[in-house]
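The primary structure of each chain is shown beneath.
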Amino acid sequence: MRAFSLLALLGLLPILAASAGRAAAPQEAQTCAALSGRHLGGAVIQSATWLPDGGTVGTTLVSQPFCRAIGLSTPSSDSHIGFEVWLPPAAMWNGKLQGEGSGGSAGSISASAMLEALKAGFATVSTDNGHITDTTQPNGGSEQTWALGHPEKMLDFAFRAMHVSTVAAKQVVRSFYGHTAVKSYFVGCSQGGHHALMEASRFPADYDGIVAGAPAWHWANQMINATWNSQAGLKDPSAITPQSTQILNKATIAACDKLDGVEDGVISDPRRCHFDPATLLCKAGDAPDSCLTQTQIDAANRIYQGVHKSDGTALFQGFARGSELKWPQMWASKTPGGSSWHFWRYSVFQDLQFQNVNFDFDRDSDRALSTVRAGMTVADIYNVKPDLSAFRARGGKLIIYHGWADEQVTPFASLDFYAHIKARQGQSGTDSFLRLFMMPGIAHCSGGAGAGNIGGATPALSHDPSHDVVAALDAWVVHHQAPNILIAAHLDENKKVDRTRPLCPFPQEAHYKGTGDSNDAGNFVCAVPADKKSLAN
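Residues numbered from 1 in each chain as written. Predicted model: local features only at pLDDT ≥ 70, side-chain atom pairs only at ≥ 80, totals over all residues. Heavy atoms only, no water.

S.K.: Help me understand the overall build of the chain, please; the structure alone is not making it clear to me.
M.R.: The helix and strand inventory of the chain stands at 15 helices and 18 strands. A compact globule built from 537 residues should have a C-alpha radius of gyration of about 24 Å, and the chain, at 24 Å, falls within 12% of that. When the backbone C-alpha atoms are referred to their principal axes, the chain occupies close to 80 × 60 × 45 Å. Each of the 537 residues in the chain was classed as buried or not, and the buried ones make up 55%. Sequence separation of at least 24 residues holds for 66% of the intrachain contacts in the chain that already meet a minimum separation of 6. Across the chain, 41 positive and 47 negative side-chain charges occur, with their mean positions spaced 5 Å apart. (Helix = DSSP H or I, 4+ residues; strand = E, 2+ residues; numbered from the N terminus. Rg over C-alpha atoms; globule rule 2.2 N^0.38 Å. Buried < 20%, exposed > 50% of the residue type's maximum accessible area, 1.4 Å probe, protein only. Contact = heavy atoms within 4.5 Å. Lys, Arg positive; Asp, Glu negative; His and termini not counted. Charge placed at Lys NZ, Arg CZ, Asp CG, Glu CD.)

Right under this line is the structure:
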């Protein structure tokens, strides 16, 4: 008989595994069904269905066998935390559990993220964060009408829902497979990154490893900053427009692109970029599509600077140069500011007459942060305490990634979080459990002119520790191989790779060797920049 080639055999593996899963279906169908009605980890499993050929969850098509368990947790009298656990057949299970994050203020199961984890062999869990999004609201997944009169739901959303769902999911895994998961990981970006750091700080025993993308960790203060950024457009619609931000971004890139020695349309580290928007002020005879009004310059400087009180007291970091293109969607839409649009009216002040355009940063900032809901101040509910000592002591590993061109969660917030950890743990202590990867030219979680596909929120080139951030986390946790580089990819309009670039653990950055194709990651090395001290944030 002719021997199979390695590639042919690898191609058959998913088919063989799926066949094994279907062959075991009668027994696993019974085990799955037996989960229904059980009280596990403080939650009740409302239904559990074995799907031998997969199925459709919302708009997500699953084409492999799995057990879909739907549960409910009620840690308070006003809590209604929905969650789902998806379990592959034992023959396809890698022995691990992966928790999934969400985005915005959304109240829905992250089915697409669960699918990716399921395909990789994980049992996986996602929660609706304790509420269901009102899809009739104009700000969609950022709406917070659910918080009005329901302070316990604010706690559920901020940190409790993910924890109780994780505890329940671990018991579901044990009941279905007959033993616990050997390792548990959490993967999320944006709000998911916020929940990731909440898990690491508040519940260090929940996960062995965590990937936190663009983490909105200082959430309450970030909402103040989002309102600050939105006020310019609320007061004057001409302040932030697609045309003005395109003019500004083009000029900024032109001024700062070459600072890293490579002209590629990307600012490697915006801390080196000091382009002044005032140089674009319209003068007599200038074409309107080539210059900015004073109002537009003031709005840009406001966003770069970050929110502060009238006495100069800073409340949050500003945004990086190079993030301008998506400002109109974020800061000048019909409901500008993302989750901040509803945050004050429905969650914090619970005053439906409150208008964001009238937010007084001297008076309302302190009032907001000190407001008490469900026995906790708003600051304590929503802001992560940057102390991961217990997580580190348990052997936990954390990878943070953040796009330098992020228009929603400023990358300077991640540098601030890293600085807090380093101040407490020292450099060697920080290196023992935390890696931060800054991503030049990448917008919020994904997209942009830079190379950013590394798994997590984006498809990876391949599922190995050098290209996939989840695989890198797994190698660190299981094999104690810390990630010293991630090879990121940029895809063209046809979804073909047209650039690869190394991402380096902070404070290192990628340096071009000086020869070879600058679109090839192999022609770069990771090194601490010579001007490190001048870049200190």
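S.K.: What exactly am I supposed to notice about the state of the cysteines here?
M.R.: Disulfides are covalent bonds that link the sulfur atoms of two cysteine residues. Counted by the stated rule, this structure contains five disulfides. In this model Cys189 forms its disulfide with Cys445; the gap between the sulfur atoms is 2.0 Å. Between Cys189 and Cys445 the disulfide shows an S-S torsion of about -105°. By sign, it is left-handed. Placement of Cys189 in strand 9 (residues 183-189) and of Cys445 in the loop between strand 14 (434-439) and helix 15 (469-479) is noted, with a sequence separation of 256 residues between them. (Disulfide = S-S within 2.5 Å.)

S.K.: Help me understand the packing of helix 6 (residues 219-235) against helix 8 (residues 294-305), please; the structure alone is not making it clear to me.
M.R.: Pairs of packed helices are described in terms of their axes, by the angle between the two and the distance that separates them. In the contact formed by helix 6 and helix 8, the axes pass within 9 Å of each other and the chain directions differ by 175°. Accordingly, the angle class assigned to the pair helix 6 and helix 8 is roughly antiparallel. Residues Trp228, Asn229, Gln231 and Ala232 of helix 6 touch helix 8, and the partners they reach there are Ala299, Arg302 and Ile303. Grouping the amino acids of the contact of helix 6 with helix 8 by side-chain chemistry returns four nonpolar, two polar and one charged. (Axes fitted to C-alpha atoms, helices over the stretch in contact; angles between N-to-C directions. Parallel < 35°, antiparallel > 145°, perpendicular 65-115°, else oblique. Nonpolar A, V, L, I, M, F, W, Y, C, P; charged D, E, K, R; others polar.)

S.K.: Which parts of the structure should I look at to understand the packing of helix 4 (residues 151-177) against helix 5 (residues 191-202)?
M.R.: Here helix 4 crosses helix 5 at 65°, and the two axes come no closer than 9 Å. The orientation of helix 4 relative to helix 5 falls into the category roughly perpendicular. Seen along the crossing, helix 4 lies across helix 5 with a hand that is right-handed. For the pair helix 4 and helix 5, the contacting residues are Phe157, Ala158, Phe159, Met162 and His163 in the first and Gln191, His194, His195, Met198, Glu199 and Arg202 in the second. A breakdown of the residues in the contact of helix 4 with helix 5 according to their chemical character gives five nonpolar, four polar and two charged. (Left-handed = near helix turned anticlockwise from the far one by under 90°.)

S.K.: Is there a simple way to think about the pattern of salt bridges in this case?
M.R.: Between side chains of opposite charge, pairing is possible as soon as their charged atoms come close. Throughout the structure, instances matching the rule amount to 17 salt bridges. In this structure, Arg272 engages Glu509 in a salt bridge whose closest nitrogen and oxygen atoms are separated by 3.1 Å. Of this pair, Arg272 sits in the loop between helix 7 (242-256) and helix 8 while Glu509 sits in strand 17 (residues 509-512); the two residues are 237 residues apart in sequence, bridging distant segments of the chain. Judged by relative accessible area, which is 18%, Arg272 ranks as buried. Between Asp366 and Lys309 there is a salt bridge whose closest N-O contact spans 2.7 Å. (Salt bridge = Lys/Arg side-chain N within 4 Å of Asp/Glu carboxyl O.)

S.K.: Which parts of the structure should I look at to understand the sheet that holds strand 14?
M.R.: Strand pairing in a sheet relies on backbone hydrogen bonds, with the paired strands running either antiparallel or parallel. Here ten strands make up an open sheet; going across it, the order is 1-2-5-6-8-7-9-10-13-14 and the pairing mixed. A strand with exactly one partner marks an edge of an open sheet, and here the two such strands are strand 1 (39-40) and strand 14. Relative to strand 6 (residues 81-87), strand 5 (residues 66-73) is paired through seven bridges, and the arrangement is antiparallel. Within strand 6, the position partnered with Ile70 by the bridge is Glu84. Where helix 4 meets the sheet, its contacts fall on strand 1, strand 2 (43-51), strand 5, strand 6, strand 7 (96-100), strand 8 (123-127) and strand 9, and the angle it forms with strand 6 comes to roughly 35°. (Pairing = 2+ DSSP bridges.)

S.K.: Honestly, the environment of Gly312 in this entry has me stumped. Any pointers?
M.R.: Structurally, Gly312 can be placed in the loop between helix 8 and helix 9 (327-331). For the pair Gly312 and Trp331, spaced 19 residues apart in the sequence, the C-alpha separation amounts to 22 Å.

S.K.: Explanation requested: the side chain of Ser184 in the structure shown.
M.R.: By the element assignment, Ser184 lies in strand 9. On the accessibility criterion, Ser184 (4% relative accessible area) is buried. Beyond its immediate chain neighbours, meaning those up to four positions away, Ser184 contacts Leu97, Lys170, Asp206, Tyr207, Asp208 and Gly209.

S.K.: Teacher, can you tell me more about the nonpolar core here?
M.R.: Soluble globular proteins: nonpolar side chains tend toward being buried together. Counting 80 residues, the largest nonpolar core has Leu35, Leu87, Trp344, Tyr382 and Leu398 as its most contacted members. The element best represented in this core is helix 4, accounting for twelve residues. With residues near it in sequence (within four places) discarded, Leu87 still touches Leu35, Trp50, Phe66, Cys67, Leu118, Ala123, Val172, Val173, Phe176 and Tyr177. Core analysis: the second largest hydrophobic core is formed by 24 residues, Val187, Ile399, Ile454 and Leu503 among them. (Core = buried A, V, L, I, M, F, W, Y, C linked by side-chain atoms within 4.5 Å.)

S.K.: Mind showing me how you'd approach the confidence of the model for the chain here?
M.R.: As a general rule, the predicted coordinates of low-pLDDT regions are not to be interpreted in detail. Averaged over every residue, the pLDDT of the chain is 94; the share at 70 or more is 95%. pLDDT under 50 marks residues 1-21. Its contacts with residues more than four places away, or in other chains, come to eight contacts. (pLDDT = per-residue confidence, 0-100.)

S.K.: Help me understand the side chain of Asp364, please; the structure alone is not making it clear to me.
M.R.: Relative to the elements of secondary structure, Asp364 occurs in helix 11 (residues 364-370). Look past the residues within four positions of Asp364 in its chain and what remains in contact with it is Phe349, Phe354, Asn358 and Phe359.

S.K.: Please clarify how helix 4 should be interpreted in this entry.
M.R.: Spanning 27 residues, helix 4 covers 37 Å between terminal C-alpha atoms, matching the ideal 39 Å at 1.5 Å per step. One or two residues past the end of helix 4 sits Gly178, with phi positive at roughly 90°. (Expected span 1.5 Å × (residues − 1).)

S.K.: Please clarify how helix 8 should be interpreted in this entry.
M.R.: Structural remark: α-helix, 3.6 residues per turn; residues separated by three or four positions point the same way. With twelve residues, helix 8 ought to run about 16 Å at 1.5 Å a step, and its terminal C-alpha atoms sit 16 Å apart, in line with that. Of the residues making up helix 8, those classed as buried are Gln296, Ile297, Ala299, Ala300, Ile303 and Tyr304. End-on, the buried residues of helix 8 take up no more than an arc of 160°, which puts them together on one face. As for helix 8, its buried residues are in contact with helix 6, helix 7 and helix 9. Just beyond helix 8, the residue with positive phi is Gly306, at close to 90°. (Arc of directions from axis to C-beta.)

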